[in-house]
Amino acid sequence: MAKENAILNDEGILDEEFSESFDFDELEEKLQGELEEEFSNLEFLKEEREKIGNPDALGKVILDEVWKQFGNQIGLDMTNETLNQKYDREHQGETYADVGKKVMQDQRYKDANKAMRDQQKSGNLKDAYTGKNLGPNDNANLDHVVSRKELYENARRKQAGINTEDLANKEENLKATNESLNKSKGSKSMDDYLKGKEQREKDLREQNERANKKIDESNMSDAEKQRAKEENNKRLQDKLDADEELMKKADKEARKAINKDIAKGVAKETAKKAAKDALKQMAVSALFSLLKEIMKGFVAFLKSKAKSFKNFLEEMKKAITSFFQNITSIFKTGASSVVGTIVTEIFGPIVSTFKKLASFIKQGVSSVMEAVRYLGAKENRDKPFSIKIAQVGKIVTAGLVGGGAIALGEVFEKTLWTLPGMQIEIPLLGSLANIIGMFLGSLISGIAGAVVMNLIDKFIAKKQERDAQAAAIEKGNQILAKQQQLQIVNDALFERDKENAQSDIVDRHKAAESVMKESLSNVMEDIAYDPSEKEDGKEDVVLDDEDVAAIKRQGTSLDDLADLLK
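Residues numbered from 1 in each chain as written. Predicted model: local features only at pLDDT ≥ 70, side-chain atom pairs only at ≥ 80, totals over all residues. Heavy atoms only, no water.

## Quick word on the overall build of the protein
Next, step 1: When its secondary structure is counted, the protein shows 20 helices and 6 strands.
Next, step 2: Long-range pairs, those at least 24 residues apart, make up 74% of the contacts in the protein with a sequence separation of at least 6.
Next, step 3: When the accessible area of the protein is evaluated, it comes to approximately 34800 Å², of which 56% is carbon and sulfur surface. (Helix = DSSP H or I, 4+ residues; strand = E, 2+ residues; numbered from the N terminus. Contact = heavy atoms within 4.5 Å. Areas by Shrake-Rupley, 256 points an atom, 1.4 Å probe, with all protein chains shown as cover.)

## Examining the pairing of strand S3 (residues 140-144)
Next, step 1: The buried fraction of S3 is high, at 5 of 5 residues.
Next, step 2: The alternating pattern of S3 places Ala-140, Leu-142 and His-144 and Asn-141 and Asp-143 on opposite faces, both of which are buried.
Next, step 3: With 5 bridges joining them, S3 and strand S4 (residues 174-178) adopt antiparallel strand pairing. Across the sheet, Asn-141 pairs through a bridge with Thr-177, a residue of S4. (Buried < 20%, exposed > 50% of the residue type's maximum accessible area, 1.4 Å probe, protein only. Pairing = 2+ DSSP bridges.)

## Details of the packing of aromatic side chains
Each pair of aromatic rings is reported with the distance of its centres and the angle of its planes.
Next, step 1: Going through the model one piece at a time under the given rule, you end up with 1 aromatic pair.
Next, step 2: When the ring centre of Tyr-193 is taken as reference, the NZ or CZ atom of Arg-200 above it lies at 4.4 Å. (Phe/Tyr/Trp six-rings, centres within 6.5 Å; stacked < 30°, edge-to-face > 60°. Lys NZ or Arg CZ within 6 Å of the ring centre and 35° of its normal.)

## Some remarks on the nonpolar core
Next, step 1: One finds Tyr-129 and Met-247 to be the most contacted residues of the largest nonpolar core, which totals 22 residues.
Next, step 2: Contributions of two or more residues to this core are made by helix H4 (96-105), helix H6 (148-153), helix H8 (164-168), helix H10 (190-194) and helix H13 (244-303).
Next, step 3: A per-element tally of this core places H13 first, with 6 residues.
Next, step 4: By size, the runner-up hydrophobic cluster in this structure holds 8 residues, among which are Tyr-109, Met-116, Leu-125 and Ala-176. (Core = buried A, V, L, I, M, F, W, Y, C linked by side-chain atoms within 4.5 Å.)

## Remarks on helix H11 (residues 197-216)
Next, step 1: Look at H11: 29 Å from first C-alpha to last across 20 residues, which is about the 28 Å you get at 1.5 Å a residue.
Next, step 2: Of all the residues in H11, the buried ones are Arg-200, Glu-201, Leu-204, Asn-208, Asn-212 and Ile-215. Within H11, the buried residues cover an arc of 105° as seen down the axis, which keeps them to one side. Turned more than 90 degrees off the buried face of H11, the exposed positions are Glu-198, Glu-209, Lys-213 and Lys-214.
Next, step 3: Here the buried face of H11 lies against H10 and helix H12 (222-240). (Expected span 1.5 Å × (residues − 1). Arc of directions from axis to C-beta.)

## Side note on a nonpolar patch on the surface
Next, step 1: A surface patch of nonpolar side chains, amounting to about 500 Å² of accessible area, comprises Ile-342, Ile-346, Phe-347, Ile-350 and Phe-354.
Next, step 2: Along the chain, Ile-346 falls in helix H15 (residues 327-346).
Next, step 3: A residue is classified by how much of its surface remains accessible, and Ile-346, at 47% relative accessible area, is partly exposed. (Patch = residues over 30% accessible without salt bridge, like charges linked within 9 Å, V, L, I, M, F, W, Y side chains within 5 Å. Salt bridge = Lys/Arg side-chain N within 4 Å of Asp/Glu carboxyl O.)

## Remarks on the side chain of Thr-344
Next, step 1: With respect to the secondary-structure elements, Thr-344 resides in helix H15.
Next, step 2: Thr-344 gets classed as buried once you look at its relative accessible area, which sits at 2%.
Next, step 3: One polar contact links the side chain of Thr-344 to the main-chain carbonyl oxygen of Gly-340, over a distance of 2.7 Å.
Next, step 4: Residues within four places of Thr-344 in sequence aside, it is in contact with Thr-82, Val-351, Ala-358, Ile-361 and Lys-362. (Polar contact = N/O pair within 3.5 Å; in protein donor to acceptor, adjacent residues only side chain to side chain.)

## Here we look at the side chain of Asn-169
Next, step 1: Looking at where Asn-169 falls in the secondary structure, it is placed in the loop between H8 and S4.
Next, step 2: Engagement of the side chain of Asn-169 in a polar contact is seen with the side chain of Asp-106, the distance being 3.3 Å.
Next, step 3: The contacts of Asn-169, once residues within four sequence positions are left out, are Val-103, Asp-106, Arg-108, Tyr-109, His-144 and Leu-174.

## Comments concerning the environment of Val-299
Next, step 1: Structurally, Val-299 is set in helix H13.
Next, step 2: On the accessibility criterion, Val-299 (39% relative accessible area) is partly exposed.
Next, step 3: Taking the C-alpha atoms as reference points, Val-299 and Glu-315, 16 residues apart in sequence, are found 9.3 Å from one another.

## Quick look at the environment of Leu-246
Next, step 1: Structurally, Leu-246 is set in helix H13.
Next, step 2: Here the alpha-carbon distance between Leu-246 and Ala-128, two residues 118 residues apart in the chain, equals 6.9 Å.
Next, step 3: Setting aside residues no more than four positions away along its own chain, Leu-246 makes contact with Ala-128, Tyr-129, Thr-130 and Gly-131.

## Some words on the packing of H11 against H12
Next, step 1: As a packed pair, H11 and H12 sit with axes 10 Å apart at the nearest point and diverge in direction by 175°. Here H12 runs roughly antiparallel to H11, going by the angle between their axes. Contacts between H11 and H12 involve Arg-200, Glu-201, Leu-204, Arg-205, Asn-208, Ala-211, Asn-212, Ile-215 and Asp-216 on the former and, on the latter, Lys-225, Ala-228, Lys-229, Asn-232, Asn-233, Leu-236, Lys-239 and Leu-240.
Next, step 2: Tallied by class, the residues present in the contact of H11 with H12 amount to 6 nonpolar, 4 polar and 7 charged. (Axes fitted to C-alpha atoms, helices over the stretch in contact; angles between N-to-C directions. Parallel < 35°, antiparallel > 145°, perpendicular 65-115°, else oblique. Nonpolar A, V, L, I, M, F, W, Y, C, P; charged D, E, K, R; others polar.)

## As for the pattern of salt bridges
Next, step 1: As enumerated under the stated definition, the model contains 20 salt bridges in all.
Next, step 2: Measuring nitrogen to oxygen at the nearest pair gives 3.7 Å for the salt bridge that ties Lys-234 to Asp-138. Residue Lys-234 is found in helix H12, and its partner Asp-138 is found in the loop between helix H5 (107-121) and S3; the two are separated by 96 residues along the sequence.
Next, step 3: Asp-138 sits in the partly exposed class, given a relative accessible area of 26%.
Next, step 4: Residue Lys-195 is joined to Asp-192 by a salt bridge in which the shortest nitrogen-to-oxygen separation is 3.6 Å.
Next, step 5: What you see here is one network of salt bridges that share partners, running through Asp-106, Arg-108 and Asp-166.

## Details of the confidence of the model for the protein
Next, step 1: Of all residues in the protein, 67% have pLDDT values of 70 or greater, and the mean over the chain is 76.
Next, step 2: The secondary structure element of the protein with the lowest average pLDDT is strand S1 (residues 7-8), at 48, and the one with the highest is S4, at 95.
Next, step 3: Confidence drops under a pLDDT of 50 for residues 1-8, and excluding neighbours within four residues, the segment shows 34 contacts in the predicted structure.
Next, step 4: Within the model, pLDDT remains below 50 along residues 10-14, and this stretch shows 11 contacts once partners closer than five positions in the same chain are excluded. (pLDDT = per-residue confidence, 0-100.)

## Description of a positive patch on the surface
Next, step 1: Taken together, the side chains of Lys-252, Lys-256, Lys-260 and Lys-264 make up a positively charged region of the molecular surface.
Next, step 2: By the element assignment, Lys-256 lies in helix H13.
Next, step 3: Under the relative-accessibility criterion, Lys-256 is labelled exposed at 67%. (Lys, Arg positive; Asp, Glu negative; His and termini not counted. Charge placed at Lys NZ, Arg CZ, Asp CG, Glu CD.)

## Focus: the packing of H13 against helix H14 (residues 309-325)
Next, step 1: Put simply, H13 and H14 touch, their axes get as near as 8 Å, and they point 145° apart. Regarding H13 and H14, the two cross each other, and that crossing is right-handed. Between H13 and H14, the residues in contact are Ala-286, Ser-289, Leu-290, Glu-293, Ile-294, Gly-297, Phe-298, Ala-300 and Phe-301 and Asn-311, Phe-312, Glu-315, Met-316, Ala-319, Ile-320, Ser-322 and Phe-323, respectively.
Next, step 2: Per-class residue counts for the contact of H13 with H14 are 11 nonpolar, 4 polar and 2 charged. (Left-handed = near helix turned anticlockwise from the far one by under 90°.)

Quick look at the structure:
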């Protein structure tokens, strides 16, 4: 019974080690389950190998990609406008002169100016740029620390959707100063004005000397000349009294308040735009995906033999089910759109100068995210490096196809725009010229991309076919090994069952021998009956010589049978 507890070693051979807890039946069941799993994997490999390099499969991938790109272009075009471009569109025709008037007529400016005048009359007004008091007779101005012009041209302000007057007339940006210094500063930024202080003061003095010289050469009376030169000298001194530290401090406070509002506005508007863009692109992606599935279902219905209404509904049901099974791809499109919008708006002021640059950036972001998702997916981690590179190449190619479609679409749109009727606007999609241009651009780029993607697919197919063949061979060898192990276990089970059966037979023979001996002993006791021990009521048993001889022969036969059974 040595084999009853034998176990398989690493080579699948039974080791003669003994363990009362070892169960051959459990081992057989486990090996049988593993064998069935290996056969299942082998069938899967065979099916996958049949798909690899299948022209229909490759054609489907290319068709799906081109279809996806066309829908993607529509989504990109719908979300192409940057926040800066949106602001310019909404304020089209607005000039700096118009904005300047709005700033000066804004109620906040009027209120601050009135408060400054009241403070000046009371003698409590201090010049924010010189630190000196401004008397009731001094010409005081309310200066915009960060000038109206600078704020008007600020691209981030447009991105935040804030009007110039809202920032220009903030409390921190309104400072009282003398009229001469205010005019001297003008629309310059504080840094520009304070730059080259020595040269600026030199120029101011030279200007004042020229002005005084003209006064001396004029026909004014001496008293008038004296007053005029005193006024010139005072204006010069007001300018020269500019305190660089005070001016920088005022500028810092104003810009901090302004930039805080701009940062909040940009974050808010970018978040809103990212959400809207994502919803738009997800809607377009969902629409195109659903249309694709419905078209596939309709084609399947046309190919079917039984063209009943019930069959049509069944195919449509399958199409909708398939659409919802792939719904995660739509959410991925939305995620890519959100990241693309944020990246685009980070470079918003630059992007806004090019009409389609936002679409290019979003297309690039989408391709990068798709490549990252592919490389990070668990099912792709164990794939050969060459396959990973090839698949990433396909993703990059798809991105380039998208970029090419954008560029070609722009060219076609400009060409078609000159034709009559092409300026008709279609809600949410744009002009007719734009839609046709996108279609032609996607078609041409898609064909070019299909050629490249087909070559990449062929390379992948050959690599996968070799790998699949090797995997099938390896799987076959594993099945043979499992079968060998199972055969060894079956042989061991047979030997165990055989020995157990023999052991059971021997045990039963021993039991029979014991019973027979006991029975024979009882018979012999009866034969050796002593008449003196006769009980009352019993008759004597009388045996003749012939009976005794027969009983002895029977006893001898039973002894022989017992020996035989041993």
